[in-house]
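Structural overview for review
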Amino acid sequence: MFKEGNCISPSMKRDLISMLDVKNDLEEIIDLGIKLKKKSKNGESIELLEGETLGMIFEKSSTRTRVSFEVGMTKLGGHAIFLSTNDIQLGRGETIEDTALVLSRYVDIIMYRAKSNEAMKELAKHATVPVISGLDNKEHPCQVITDLMTIKEHKGTLKGLNLVYMGDGKNNMAHSYLLGCGIAGINVKIVSPKQYWPDEYYVEEAKRFGVNVEITDKVEGSTKDADIITTDTWISMGDEIEKEKRIKEFQGYTIDGELMAQAKSDAVFLHCLPAYYGYEVTKEVAHGKQSVIFDEAENRMWAQIAIMVTLSG
Ligand code: CP
Ligand code: NVA
(Lines give C-alpha, C1' and ligand atoms only; values in the text may rest on other atoms or scores of the structure.)
(Ligands and ions follow the chains in the order given, each with its own letter.)
Protein backbone atom coordinates (compact mmCIF):
# COMPACT_ATOMS: atom_id res chain seq x y z
CA MET A 1 0.00 0.00 0.00
CA PHE A 2 1.06 3.63 -0.63
CA LYS A 3 3.27 5.29 2.00
CA GLU A 4 5.08 8.53 1.43
CA GLY A 5 5.49 11.88 3.15
CA ASN A 6 7.09 12.59 6.48
CA CYS A 7 5.83 9.66 8.49
CA ILE A 8 7.06 6.09 8.14
CA SER A 9 4.88 3.56 9.87
CA PRO A 10 5.89 -0.02 10.58
CA SER A 11 2.48 -1.35 9.52
CA MET A 12 2.43 0.60 6.21
CA LYS A 13 -0.94 2.08 7.10
CA ARG A 14 -1.52 5.37 5.35
CA ASP A 15 -1.48 8.77 7.10
CA LEU A 16 -2.21 12.32 5.95
CA ILE A 17 -0.01 14.75 7.83
CA SER A 18 1.58 16.60 4.91
CA MET A 19 0.29 17.49 1.44
CA LEU A 20 3.17 15.33 0.18
CA ASP A 21 1.27 12.31 1.54
CA VAL A 22 -1.24 12.77 -1.31
CA LYS A 23 1.19 13.73 -4.06
CA ASN A 24 0.27 10.63 -6.11
CA ASP A 25 -3.51 10.82 -5.86
CA LEU A 26 -4.54 14.36 -4.92
CA GLU A 27 -6.91 14.81 -7.87
CA GLU A 28 -8.45 11.36 -7.36
CA ILE A 29 -9.32 12.37 -3.78
CA ILE A 30 -10.72 15.71 -4.96
CA ASP A 31 -12.83 14.00 -7.66
CA LEU A 32 -14.07 11.44 -5.11
CA GLY A 33 -15.11 14.33 -2.82
CA ILE A 34 -17.02 15.98 -5.68
CA LYS A 35 -18.66 12.66 -6.61
CA LEU A 36 -19.72 11.72 -3.08
CA LYS A 37 -21.05 15.25 -2.47
CA LYS A 38 -23.28 14.94 -5.57
CA LYS A 39 -24.40 11.43 -4.60
CA SER A 40 -25.30 12.41 -1.06
CA LYS A 41 -27.15 15.53 -2.22
CA ASN A 42 -29.13 13.33 -4.63
CA GLY A 43 -30.33 11.33 -1.65
CA GLU A 44 -28.13 8.29 -2.35
CA SER A 45 -26.37 6.51 0.50
CA ILE A 46 -22.63 7.02 0.93
CA GLU A 47 -22.27 4.71 3.95
CA LEU A 48 -18.84 3.46 2.94
CA LEU A 49 -17.41 3.26 6.48
CA GLU A 50 -20.39 1.66 8.20
CA GLY A 51 -19.64 0.69 11.79
CA GLU A 52 -16.22 2.42 11.84
CA THR A 53 -15.09 4.90 14.48
CA LEU A 54 -13.05 8.08 14.16
CA GLY A 55 -11.23 9.38 17.24
CA MET A 56 -10.66 13.16 17.10
CA ILE A 57 -7.96 14.58 19.39
CA PHE A 58 -7.99 18.38 19.77
CA GLU A 59 -5.14 20.31 21.40
CA LYS A 60 -6.49 23.58 19.94
CA SER A 61 -9.93 25.13 19.34
CA SER A 62 -12.02 24.32 16.28
CA THR A 63 -15.42 24.91 14.71
CA ARG A 64 -15.12 23.57 11.14
CA THR A 65 -12.70 20.70 11.65
CA ARG A 66 -14.61 19.25 14.57
CA VAL A 67 -18.09 19.53 13.07
CA SER A 68 -17.18 18.60 9.49
CA PHE A 69 -15.30 15.44 10.55
CA GLU A 70 -18.04 14.37 12.95
CA VAL A 71 -20.92 14.94 10.51
CA GLY A 72 -18.84 13.48 7.66
CA MET A 73 -18.25 10.27 9.60
CA THR A 74 -21.98 10.04 10.37
CA LYS A 75 -22.78 10.38 6.65
CA LEU A 76 -20.31 7.53 5.99
CA GLY A 77 -22.28 5.32 8.39
CA GLY A 78 -19.67 5.54 11.12
CA HIS A 79 -19.25 7.33 14.42
CA ALA A 80 -16.85 10.00 15.72
CA ILE A 81 -15.59 10.67 19.25
CA PHE A 82 -14.42 14.15 20.29
CA LEU A 83 -11.34 13.95 22.53
CA SER A 84 -10.18 17.28 23.94
CA THR A 85 -6.77 17.25 25.60
CA ASN A 86 -8.46 19.10 28.48
CA ASP A 87 -10.32 15.86 29.19
CA ILE A 88 -8.07 12.96 28.16
CA GLN A 89 -4.95 11.76 29.98
CA LEU A 90 -2.68 13.09 27.20
CA GLY A 91 -3.33 16.53 28.68
CA ARG A 92 -2.09 15.28 32.08
CA GLY A 93 1.18 13.83 30.84
CA GLU A 94 0.36 10.41 29.37
CA THR A 95 2.76 9.94 26.46
CA ILE A 96 1.76 10.43 22.85
CA GLU A 97 3.12 6.92 22.18
CA ASP A 98 0.83 5.26 24.73
CA THR A 99 -2.12 7.38 23.61
CA ALA A 100 -1.54 6.28 20.01
CA LEU A 101 -1.17 2.60 20.94
CA VAL A 102 -4.28 2.58 23.13
CA LEU A 103 -6.54 4.52 20.74
CA SER A 104 -5.46 2.24 17.88
CA ARG A 105 -7.04 -0.66 19.81
CA TYR A 106 -10.44 1.09 19.79
CA VAL A 107 -10.81 3.33 16.75
CA ASP A 108 -10.32 2.84 13.01
CA ILE A 109 -8.95 6.33 12.17
CA ILE A 110 -7.42 9.06 14.33
CA MET A 111 -7.77 12.77 13.51
CA TYR A 112 -5.32 14.96 15.43
CA ARG A 113 -5.21 18.77 15.75
CA ALA A 114 -1.77 19.23 17.29
CA LYS A 115 0.24 22.08 18.71
CA SER A 116 3.40 20.84 17.00
CA ASN A 117 4.42 18.93 13.90
CA GLU A 118 6.74 16.85 16.11
CA ALA A 119 3.75 15.68 18.19
CA MET A 120 1.83 14.92 14.99
CA LYS A 121 4.69 12.77 13.64
CA GLU A 122 5.09 11.01 17.00
CA LEU A 123 1.40 10.06 17.07
CA ALA A 124 1.46 8.89 13.46
CA LYS A 125 4.62 6.86 14.13
CA HIS A 126 3.03 4.87 16.96
CA ALA A 127 -0.61 4.61 15.82
CA THR A 128 -1.40 1.43 13.93
CA VAL A 129 -4.45 3.04 12.26
CA PRO A 130 -4.42 5.96 9.77
CA VAL A 131 -3.71 9.39 11.29
CA ILE A 132 -5.16 12.50 9.63
CA SER A 133 -3.86 15.94 10.53
CA GLY A 134 -6.52 18.44 11.50
CA LEU A 135 -3.71 21.05 11.45
CA ASP A 136 -0.39 21.53 13.24
CA ASN A 137 2.03 24.45 13.30
CA LYS A 138 3.55 23.48 9.93
CA GLU A 139 0.67 22.31 7.73
CA HIS A 140 -3.12 22.11 7.32
CA PRO A 141 -3.51 19.49 4.56
CA CYS A 142 -7.27 18.80 4.92
CA GLN A 143 -7.96 22.49 4.42
CA VAL A 144 -5.82 22.79 1.30
CA ILE A 145 -7.30 19.61 -0.25
CA THR A 146 -10.69 21.21 0.45
CA ASP A 147 -9.62 24.48 -1.13
CA LEU A 148 -8.39 22.71 -4.25
CA MET A 149 -11.70 20.83 -4.46
CA THR A 150 -13.56 24.16 -4.19
CA ILE A 151 -11.35 25.69 -6.89
CA LYS A 152 -11.98 22.69 -9.18
CA GLU A 153 -15.75 23.02 -8.66
CA HIS A 154 -15.68 26.71 -9.53
CA LYS A 155 -13.06 26.70 -12.29
CA GLY A 156 -13.50 23.19 -13.71
CA THR A 157 -9.74 22.62 -13.65
CA LEU A 158 -6.61 23.19 -11.53
CA LYS A 159 -3.59 22.94 -13.81
CA GLY A 160 -2.22 26.26 -15.05
CA LEU A 161 -4.21 28.51 -12.70
CA ASN A 162 -2.53 31.30 -10.72
CA LEU A 163 -3.03 31.49 -6.94
CA VAL A 164 -2.01 34.45 -4.79
CA TYR A 165 -1.82 33.99 -1.01
CA MET A 166 -1.33 37.20 0.98
CA GLY A 167 -0.51 37.48 4.67
CA ASP A 168 1.40 35.19 7.02
CA GLY A 169 3.61 33.23 4.62
CA LYS A 170 5.16 31.15 7.38
CA ASN A 171 2.04 29.51 8.74
CA ASN A 172 0.41 26.12 8.19
CA MET A 173 -1.88 27.34 5.37
CA ALA A 174 0.92 28.99 3.37
CA HIS A 175 3.07 25.86 3.63
CA SER A 176 0.28 23.49 2.59
CA TYR A 177 -0.70 25.83 -0.28
CA LEU A 178 2.86 25.75 -1.59
CA LEU A 179 2.89 21.96 -1.67
CA GLY A 180 -0.75 21.59 -2.78
CA CYS A 181 -0.37 24.06 -5.65
CA GLY A 182 2.85 22.35 -6.71
CA ILE A 183 1.17 18.94 -6.82
CA ALA A 184 -1.92 20.32 -8.61
CA GLY A 185 0.10 22.30 -11.21
CA ILE A 186 -1.05 25.73 -9.96
CA ASN A 187 1.40 28.67 -10.06
CA VAL A 188 1.68 30.10 -6.56
CA LYS A 189 2.67 33.52 -5.25
CA ILE A 190 3.11 34.28 -1.55
CA VAL A 191 2.88 37.98 -0.67
CA SER A 192 4.16 38.55 2.82
CA PRO A 193 6.51 40.76 4.88
CA LYS A 194 10.06 39.30 4.58
CA GLN A 195 10.15 38.08 8.19
CA TYR A 196 7.06 35.95 7.45
CA TRP A 197 8.32 34.28 4.28
CA PRO A 198 7.72 30.51 4.20
CA ASP A 199 10.20 27.93 5.46
CA GLU A 200 12.63 27.25 2.62
CA TYR A 201 11.79 23.52 2.65
CA TYR A 202 8.21 24.15 1.40
CA VAL A 203 9.36 26.58 -1.30
CA GLU A 204 11.93 24.11 -2.62
CA GLU A 205 9.50 21.18 -2.51
CA ALA A 206 6.86 23.22 -4.41
CA LYS A 207 9.39 24.16 -7.11
CA ARG A 208 10.20 20.47 -7.68
CA PHE A 209 6.74 20.05 -9.26
CA GLY A 210 7.66 22.55 -12.01
CA VAL A 211 5.14 25.32 -11.21
CA ASN A 212 6.08 29.00 -10.92
CA VAL A 213 6.72 29.83 -7.27
CA GLU A 214 7.18 33.49 -6.30
CA ILE A 215 7.74 34.86 -2.81
CA THR A 216 7.51 38.65 -2.55
CA ASP A 217 6.85 41.41 -0.04
CA LYS A 218 5.40 43.72 -2.73
CA VAL A 219 1.63 44.12 -2.45
CA GLU A 220 1.21 46.58 -5.32
CA GLY A 221 0.23 44.78 -8.51
CA SER A 222 0.59 41.39 -6.83
CA THR A 223 -2.92 40.18 -7.68
CA LYS A 224 -2.65 40.88 -11.43
CA ASP A 225 -3.52 37.72 -13.44
CA ALA A 226 -4.69 35.88 -10.30
CA ASP A 227 -7.43 33.27 -10.67
CA ILE A 228 -7.57 32.66 -6.94
CA ILE A 229 -6.84 35.10 -4.12
CA THR A 230 -6.59 33.78 -0.61
CA THR A 231 -5.38 34.61 2.87
CA ASP A 232 -5.48 33.44 6.47
CA THR A 233 -5.38 35.05 9.89
CA TRP A 234 -2.25 37.06 10.74
CA ILE A 235 -2.36 35.50 14.21
CA SER A 236 -2.56 31.73 14.17
CA MET A 237 -3.41 29.68 17.24
CA GLY A 238 -0.27 29.77 19.37
CA ASP A 239 0.83 33.22 18.07
CA GLU A 240 -1.48 35.24 20.32
CA ILE A 241 1.38 36.61 22.41
CA GLU A 242 2.67 38.42 19.26
CA LYS A 243 -0.72 39.93 18.38
CA GLU A 244 0.17 43.64 18.66
CA LYS A 245 3.54 43.21 16.93
CA ARG A 246 2.00 41.22 14.07
CA ILE A 247 -0.84 43.69 13.50
CA LYS A 248 1.78 46.42 12.99
CA GLU A 249 4.00 44.29 10.75
CA PHE A 250 1.13 43.17 8.49
CA GLN A 251 -0.20 46.69 7.84
CA GLY A 252 -0.81 47.06 4.09
CA TYR A 253 -1.36 43.31 3.55
CA THR A 254 -5.17 43.46 3.75
CA ILE A 255 -7.05 42.01 0.77
CA ASP A 256 -9.55 44.69 -0.23
CA GLY A 257 -11.80 45.54 -3.18
CA GLU A 258 -8.96 47.26 -5.03
CA LEU A 259 -6.69 44.18 -4.93
CA MET A 260 -9.62 42.00 -6.03
CA ALA A 261 -10.37 44.37 -8.94
CA GLN A 262 -6.79 44.05 -10.20
CA ALA A 263 -7.12 40.24 -10.51
CA LYS A 264 -8.83 38.42 -13.40
CA SER A 265 -12.50 39.39 -13.60
CA ASP A 266 -13.60 35.85 -12.71
CA ALA A 267 -11.12 35.45 -9.82
CA VAL A 268 -12.45 33.79 -6.68
CA PHE A 269 -11.64 34.60 -3.06
CA LEU A 270 -10.98 31.84 -0.52
CA HIS A 271 -10.34 31.90 3.24
CA CYS A 272 -10.08 28.82 5.45
CA LEU A 273 -11.84 30.75 8.27
CA PRO A 274 -12.07 31.94 10.98
CA ALA A 275 -11.62 35.41 9.41
CA TYR A 276 -10.79 38.66 11.19
CA TYR A 277 -12.38 41.42 9.12
CA GLY A 278 -10.38 44.59 8.62
CA TYR A 279 -7.12 42.71 9.16
CA GLU A 280 -6.25 40.04 6.55
CA VAL A 281 -9.38 40.81 4.47
CA THR A 282 -12.23 43.30 4.40
CA LYS A 283 -15.72 42.00 5.09
CA GLU A 284 -16.77 43.53 1.75
CA VAL A 285 -14.46 41.07 -0.07
CA ALA A 286 -15.08 38.06 2.19
CA HIS A 287 -18.86 38.41 1.81
CA GLY A 288 -18.67 39.81 -1.73
CA LYS A 289 -19.75 38.25 -5.03
CA GLN A 290 -16.33 36.73 -5.84
CA SER A 291 -16.06 35.03 -2.47
CA VAL A 292 -16.59 31.26 -2.19
CA ILE A 293 -15.72 30.98 1.51
CA PHE A 294 -18.92 29.25 2.57
CA ASP A 295 -18.73 26.69 -0.26
CA GLU A 296 -15.18 26.14 0.97
CA ALA A 297 -16.34 25.67 4.57
CA GLU A 298 -18.97 23.14 3.44
CA ASN A 299 -16.40 21.31 1.33
CA ARG A 300 -14.30 20.54 4.41
CA MET A 301 -16.86 17.83 5.06
CA TRP A 302 -16.92 16.39 1.52
CA ALA A 303 -13.14 16.50 1.08
CA GLN A 304 -12.63 14.79 4.44
CA ILE A 305 -15.21 12.14 3.54
CA ALA A 306 -13.08 11.39 0.47
CA ILE A 307 -9.89 11.43 2.57
CA MET A 308 -11.29 9.01 5.17
CA VAL A 309 -12.57 6.63 2.49
CA THR A 310 -9.22 6.74 0.65
CA LEU A 311 -7.08 6.21 3.76
CA SER A 312 -9.32 3.35 4.90
CA GLY A 313 -8.55 1.59 1.63
N1 CP B 1 -10.49 26.17 8.89
C2 CP B 1 -10.46 25.51 10.06
O3 CP B 1 -9.67 24.58 10.26
O4 CP B 1 -11.36 25.95 10.97
P5 CP B 1 -11.49 25.50 12.48
O6 CP B 1 -10.30 26.04 13.22
O7 CP B 1 -12.78 26.11 12.94
O8 CP B 1 -11.52 24.00 12.56
N1 NVA C 1 -3.40 29.39 10.48
C2 NVA C 1 -4.57 29.23 11.31
C3 NVA C 1 -5.55 28.32 10.65
C4 NVA C 1 -6.84 28.16 11.41
C5 NVA C 1 -7.79 27.21 10.75
C6 NVA C 1 -4.16 28.69 12.67
O7 NVA C 1 -3.29 27.83 12.73
O8 NVA C 1 -4.69 29.16 13.67
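Residues numbered from 1 in each chain as written. Chains lettered and ligands numbered in written order. Predicted model: local features only at pLDDT ≥ 70, side-chain atom pairs only at ≥ 80, totals over all residues. Heavy atoms only, no water.

Each helix and strand counted, the protein has 11 helices and 9 strands in total. Relative to the globule expectation of 20 Å for 313 residues, the C-alpha radius of gyration of the protein, 19 Å, shows essentially globular dimensions. In terms of overall dimensions, the protein has a C-alpha envelope of 55 × 45 × 35 Å along the principal axes. The 313 residues of the protein split such that 58% are buried. (Helix = DSSP H or I, 4+ residues; strand = E, 2+ residues; numbered from the N terminus. Rg over C-alpha atoms; globule rule 2.2 N^0.38 Å. Buried < 20%, exposed > 50% of the residue type's maximum accessible area, 1.4 Å probe, protein only.)

We now examine the site of ligand 2. Around ligand 2 sit Leu-135, Asn-171, Asn-172, Asp-232, Thr-233, Ser-236, Met-237 and Leu-273, and those are all the residues in its vicinity. Contact between ligand 2 and Asn-172: a nitrogen atom at 2.8 Å from a side-chain N or O atom of the residue. Measuring from a nitrogen atom of ligand 2, one finds a side-chain N or O atom of Ser-236 at 2.7 Å. Summarising the interface, the protein chains cover 94% of the accessible area of ligand 2, which totals 270 Å² for the free molecule. Of the residues belonging to the shell around ligand 2, the class tally is 3 nonpolar, 4 polar and 1 charged. (Near = heavy atom within 4 Å. Polar contact = N/O pair within 3.5 Å; in protein donor to acceptor, adjacent residues only side chain to side chain. Areas by Shrake-Rupley, 256 points an atom, 1.4 Å probe, with all protein chains shown as cover. Nonpolar A, V, L, I, M, F, W, Y, C, P; charged D, E, K, R; others polar.)

Bringing helix H7 (residues 200-207) into the picture now. Every α-helix winds through 3.6 residues per turn, so residues three or four apart in the chain are directed the same way. Burial in H7 covers these residues: Tyr-202, Val-203, Glu-205 and Ala-206. For H7, the buried positions fall inside an angular range of 165° around the axis, keeping them on one side. The secondary structure elements touched by the buried residues of H7 are helix H6 (172-184) and strand S7 (213-216). (Arc of directions from axis to C-beta. Contact = heavy atoms within 4.5 Å.)

Judged by how many residues are buried, strand S6 (residues 187-191) sits mostly within the fold: 5 of 5 residues are covered. Residues Asn-187, Lys-189 and Val-191 point to one face of S6 and Val-188 and Ile-190 to the other, with burial holding for every one of them. With 5 bridges connecting them, strand S5 (residues 162-166) and S6 associate as parallel partners. Bridged to Val-164 within S6 is Lys-189. (Pairing = 2+ DSSP bridges.)

What follows is about the nonpolar core. Ranked by internal contacts, the top residues of the largest apolar core, which has 61 residues, are Ile-145 and Leu-148. If one sorts the elements of this core by residue count, helix H11 (residues 293-311) sits on top with 9 residues. For Ile-145, the residues in contact, after removing those within four places along its chain, are Leu-16, Met-19, Val-22, Leu-26, Ile-29, Ile-30, Ala-303 and Ile-307. (Core = buried A, V, L, I, M, F, W, Y, C linked by side-chain atoms within 4.5 Å.)

Moving on, we come to the pattern of salt bridges. Counting across every chain of the model gives 19 salt bridges. For Lys-170, the salt bridge identified is with Asp-199, shortest N-O distance 3.2 Å. Of this pair, Lys-170 sits in the loop between S5 and H6 while Asp-199 is found in the loop between S6 and H7, placing the two residues 29 residues apart along the sequence. You can call Lys-170 partly exposed: its relative accessible area is 38%. You can call Asp-199 buried: its relative accessible area is 18%. The shortest N-O distance in the salt bridge between Glu-204 and Lys-207 comes to 3.9 Å. Of this pair, Glu-204 and Lys-207 both sit in helix H7, 3 residues apart, roughly one helical turn. By relative accessible area, which is 37% here, Glu-204 ends up partly exposed. Each of Asp-168, Asp-239, Glu-242 and Arg-246 takes part in a single network of salt bridges with overlapping partners. (Salt bridge = Lys/Arg side-chain N within 4 Å of Asp/Glu carboxyl O.)

This next bit is on the sheet that holds strand S9 (residues 268-271). Taken together, the 5 strands give an open sheet; going across it, the order is S7-S6-S5-S8-S9, and neighbouring strands pair in parallel fashion. The strands lining the two open edges of the sheet, one partner per strand, are S7 and S9. In this sheet, neighbouring strand axes are inclined to one another by 20° on average, regardless of whether the strands run parallel or antiparallel. Pairing between S6 and S7: 4 bridges, direction parallel. In the strand pairing of S7, Ile-190 is matched with Ile-215. (Axes fitted to C-alpha atoms, helices over the stretch in contact; angles between N-to-C directions.)

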